Amino acid sequence: MSIRVGEQQDRQFVICCCADNMERRENMSETKDGGVYGWILVLSCHVCCMFVFGIYQAVGPLFVRLQEYFDVGSARTSWILSVATFTELAFGPVANFAMKRIGYRRTVILGGILSSLGFFISSFAPNIEFLYFSFGIVLGCGYGLIVTLQLGILPLFVKKRYIIANALAVCGSSSGAFVFTPLWQLLIDWFGWRGSCIVFAAINANLCVCGAIFKEPTNQSEQPGPTMSSASAGRCDDISSSDDKNDDRLTNNQTTLKRLYETCGCTLLKRYPTFTLVAFAYFLTVGVAFPGIPPHTVARAQVQNLGSQNAIALVMSVFGAMAVIGRLVTPVILHFKFRLLTSVHLYGWSFVCTGVTCLLSPLASSYTKYFVNAAFLGLFCGIFLCLVSQAPKDIVGPTNLTAAMAIKTPFAGVGGLIGPVIGGWIYDTTKDYNNTFYFYGSCLLFAGIVLLVFKPFTDRCQETTQSDICADVATEKDHGVNMVSKGTNTG
């Protein structure tokens, strides 16, 4: 009996959310873009992406120097990046909760302070394990408060040109890789790795300025997440109160867990099967494979003596520049609105192309071939990184994007915790970075194939679920009208 009641309440909650989303879509059509402020916000998000994503792509020179200074292997050094990536991405639900409590602006400013503190205390690291805490946890927590908000706020202020705005914003990660890779090498040559961390702490403080630009959405229809309007909340409260009176077997702990489940937006995984599939692909690609590709690309080139340190840093700058081109090409492709190429399809094909490029990278035995391979790798990475928020938005809608990113990022966080470590362990075991890139390429290729093959099936399931929910909403409305008319006639 209690199981049936729980299923009925879950069903009723989904019905209420569906009705509320219908009301929001009607309100969203009446709202206007943010105007000039919207594009200033795009610039702010671009700078945020430079640090939040670009820093991790540019730490190759730092990690090489840390291996020499502490005399440790690649696997132990890779744990720094793994812990940082996991903390940043797993912090998504916390960032979503903080946003609802203190707002976008204060949350981003707090993230900027924490991340700068992480850089600063890293300069005093006595051993590699201390960097797991300072560079991994403290820096990761700071960036984790920013990563979901910088992508979730854009569709709330830029609606008509969101595809272009999103591409310009996420170009920041490529700009960061382009600028910070040679800057890391230059600062290390001038001040050592400790001094470079102090300088980056000051540079990173610009995130607080970017956070000051963020403002709170004034229209209730612009509020992200699976919150409900007053009318829908009233309907759900009526349903919940009647259920509580009819059946009191649900304990307080179960009720609390259910409310937490609903507040975090986990119902999106149930309501949108295609979004669940995208989250799985996100785990293998952005989580497992991508965090280790830039630093291990630098390390592989240095081990194989493909060029000087400055020349290798130049190649990584080209990687970042081509990623910028990939991000700018993406909205052009989506603008044509090919019938068989949606944002999710392009997402899957970009994984396939990136995976094939990784599998072919061991053939780059000279500096020129290495240069060309890194350029194509950056191009395809730029395409799928541009779609990190675009694909979920097209599935769950703009009002649910912040909640969707908060749910999706922990998948990549778990992958980021193990991906770079496995890549470093493969090199320490085989003494060959080619095997590491075989591993990364296999993950990317597998994720792309799974996404492309199973998307038609999840789309059908999603259409069936939405049809059933909308039918239930219509039934609830008709039932309510009948009850009101019956009560009027009785009176």
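Describing the overall build of the chain
Move 1: Within the chain one finds 20 helices and 0 strands.
Move 2: The contacts of the chain with a sequence gap of at least 6 include a subset with a gap of at least 24, amounting to 86%.

A few points about the nonpolar core
General note: in soluble globular proteins, nonpolar side chains tend to be found buried as a group.
Move 1: Counting 112 residues, the largest nonpolar core has Ile55, Phe119, Phe135, Tyr143, Trp184 and Tyr347 as its most contacted members.
Move 2: Counting residues per element, this core draws most heavily on helix α18 (residues 367–396), which supplies 15 residues.
Move 3: If sequence neighbours within four positions are ignored, phenylalanine 135 has contacts with Tyr56, Val59, Leu62, Ile80, Ala84, Phe119, Ser122 and Gly140.

Topic: the packing of helix α6 (residues 92–122) against helix α19 (residues 401–430)
Move 1: Packing of α6 against α19 brings their axes to within 7 Å, and their N-to-C directions diverge by 150 degrees. When the interaxial angle is binned, α6 and α19 end up roughly antiparallel. Residues Gly92, Pro93, Asn96, Met99 and Tyr104 of α6 lie in contact with α19, whose contacting residues are Thr402, Ala403, Ala406, Thr409 and Pro410.

What to know about the pattern of salt bridges
Move 1: Scanning all chains against the criterion turns up 5 salt bridges.
Move 2: One salt bridge in this structure joins aspartate 394 and lysine 393, with 4.0 Å as the shortest N-O distance.
Move 3: Of the residues examined, aspartate 394 reaches a relative accessible area of 42% and is grouped as partly exposed.
Move 4: A single salt-bridge network, built from bridges that share partners, covers Arg65, Glu68 and Asp189.

Notes on the packing of aromatic side chains
Move 1: Summed over all chains, the structure comprises 23 aromatic pairs.
Move 2: For the pair tyrosine 69 and tryptophan 193, a centre-to-centre distance of 5.6 Å together with 70 degrees between the ring planes defines the contact as edge-to-face. Within this pair, whereas tyrosine 69 is found in helix α4 (residues 60–70), its partner tryptophan 193 is found in helix α9 (residues 162–204), the two being separated by 124 residues in sequence.
Move 3: An aromatic cluster of three or more residues is present, and its members are Phe51, Phe119, Phe135, Phe180, Trp184 and Phe200.
Move 4: Over the ring of phenylalanine 437 we find arginine 300, and its NZ or CZ is 5.8 Å from the ring centre.
Move 5: When the ring centre of tyrosine 427 is taken as origin, the NZ or CZ atom of lysine 431, which lies over that ring, is 5.9 Å away.

Digging into a nonpolar patch on the surface
Move 1: A surface patch of nonpolar side chains, amounting to about 400 Å² of accessible area, comprises Trp39, Ile163, Ile164, Leu168 and Leu328.
Move 2: Per-element tally for the nonpolar patch: the top contributor is α9, with 3 residues.
Move 3: Position of isoleucine 164 relative to the elements: it lies in helix α9.
Move 4: For isoleucine 164, a relative accessible area of 42% translates into the label partly exposed.

Re helix α2 (residues 36–52)
Move 1: End to end, α2 covers 24 Å across 17 residues, agreeing with the expected 24 Å (1.5 Å per residue, within 8%).
Move 2: With 12 of 17 residues buried, α2 lies mostly within the body of the structure.
Move 3: The inward-facing, buried residues of α2 contact α3 (54–57), α5 (74–90), α7 (128–152), α8 (154–157), α9 and α10 (206–213).

A look at unusual backbone geometry
Move 1: Of note in this structure, aspartate 71 is not a glycine but carries a positive phi near 55 degrees.
Move 2: If you trace the backbone, aspartate 71 turns up in the loop between α4 and α5.
Move 3: One non-glycine residue, lysine 431, lies in the positive phi region at around 55 degrees.
Move 4: As for its placement among the helices and strands, lysine 431 is situated in the loop between α19 and α20 (433–490).
Move 5: Exposure remark for lysine 431: the relative accessible area of 59% places this residue in the exposed category.

Some words on the packing of α5 against α7
Move 1: Two numbers describe how α5 lies on α7: the axes approach to 7 Å, and their chain directions differ by 25 degrees. When the interaxial angle is binned, α5 and α7 end up roughly parallel. Here the hand of the crossing between α5 and α7 comes out right-handed. Here Arg76, Trp79, Ile80, Val83, Ala84, Thr87 and Glu88 of α5 lie close against α7, whose contacting residues are Ile128, Glu129, Leu131, Tyr132, Phe135, Gly136, Ile137, Gly140, Cys141, Tyr143, Gly144 and Val147.

What to know about the side chain of threonine 77
Move 1: Relative to the helices and strands, threonine 77 is located in helix α5.
Move 2: Classification of threonine 77 as buried rests on a relative accessible area of 0%.
Move 3: Contacts of threonine 77, omitting those with residues within four sequence positions, involve Phe63, Gln67 and Val72.

Examining α6
Move 1: Along its 31 residues, α6 runs just 23 Å from first to last C-alpha, ending more than 12% under the 45 Å computed at 1.5 Å per residue.
Move 2: The largest bend in α6 amounts to roughly 115 degrees and is located at glycine 103.

Things to note about the confidence of the model for the chain
Move 1: Across the chain, the average pLDDT comes to 78, with 77% of residues at or above 70.
Move 2: Looking across the chain, the model is least confident in helix α11 (residues 230–246), with a mean pLDDT of 43, and most confident in helix α17 (residues 343–360), with 93.
Move 3: Below a pLDDT of 50 lies the segment residues 1–31, which in the model reaches 64 contacts outside its immediate sequence neighbourhood of four places, other chains included.
Move 4: Confidence over residues 220–250 falls short of pLDDT 50; this stretch has 60 contacts with residues more than four positions distant or in other chains.

Describing the environment of valine 72
Move 1: Note that valine 72 resides in the loop between α4 and α5.
Move 2: Residues valine 72 and isoleucine 128, 56 residues apart in the sequence, show an inter-C-alpha distance of 8.1 Å.

Considerations on the state of the cysteines
Move 1: Enumeration according to the criterion identifies 0 disulfides in this entry.
Move 2: Free of any disulfide, cysteine 381 has its nearest cysteine sulfur in cysteine 358, 6.6 Å distant.

Structural notes on the environment of tyrosine 132
Move 1: Structurally, the position occupied by tyrosine 132 is in helix α7.
Move 2: Put simply, tyrosine 132 and serine 122 are 10 residues apart on the chain and 9.3 Å apart in space, counted from C-alpha to C-alpha.
Move 3: What tyrosine 132 contacts, discounting residues up to four positions off in sequence, is Arg76, Trp79, Ile80, Val83 and Ile137.

Thresholds applied
- Residues numbered from 1 in each chain as written.
- Predicted model: local features only at pLDDT ≥ 70, side-chain atom pairs only at ≥ 80, totals over all residues.
- Heavy atoms only, no water.
- Helix = DSSP H or I, 4+ residues; strand = E, 2+ residues; numbered from the N terminus.
- Contact = heavy atoms within 4.5 Å.
- Core = buried A, V, L, I, M, F, W, Y, C linked by side-chain atoms within 4.5 Å.
- Buried < 20%, exposed > 50% of the residue type's maximum accessible area, 1.4 Å probe, protein only.
- Axes fitted to C-alpha atoms, helices over the stretch in contact; angles between N-to-C directions.
- Parallel < 35°, antiparallel > 145°, perpendicular 65-115°, else oblique.
- Salt bridge = Lys/Arg side-chain N within 4 Å of Asp/Glu carboxyl O.
- Phe/Tyr/Trp six-rings, centres within 6.5 Å; stacked < 30°, edge-to-face > 60°.
- Lys NZ or Arg CZ within 6 Å of the ring centre and 35° of its normal.
- Patch = residues over 30% accessible without salt bridge, like charges linked within 9 Å, V, L, I, M, F, W, Y side chains within 5 Å.
- Areas by Shrake-Rupley, 256 points an atom, 1.4 Å probe, with all protein chains shown as cover.
- Expected span 1.5 Å × (residues − 1).
- Left-handed = near helix turned anticlockwise from the far one by under 90°.
- Bend = angle between axes of the 7 residues up to and from the residue.
- pLDDT = per-residue confidence, 0-100.
- Disulfide = S-S within 2.5 Å.

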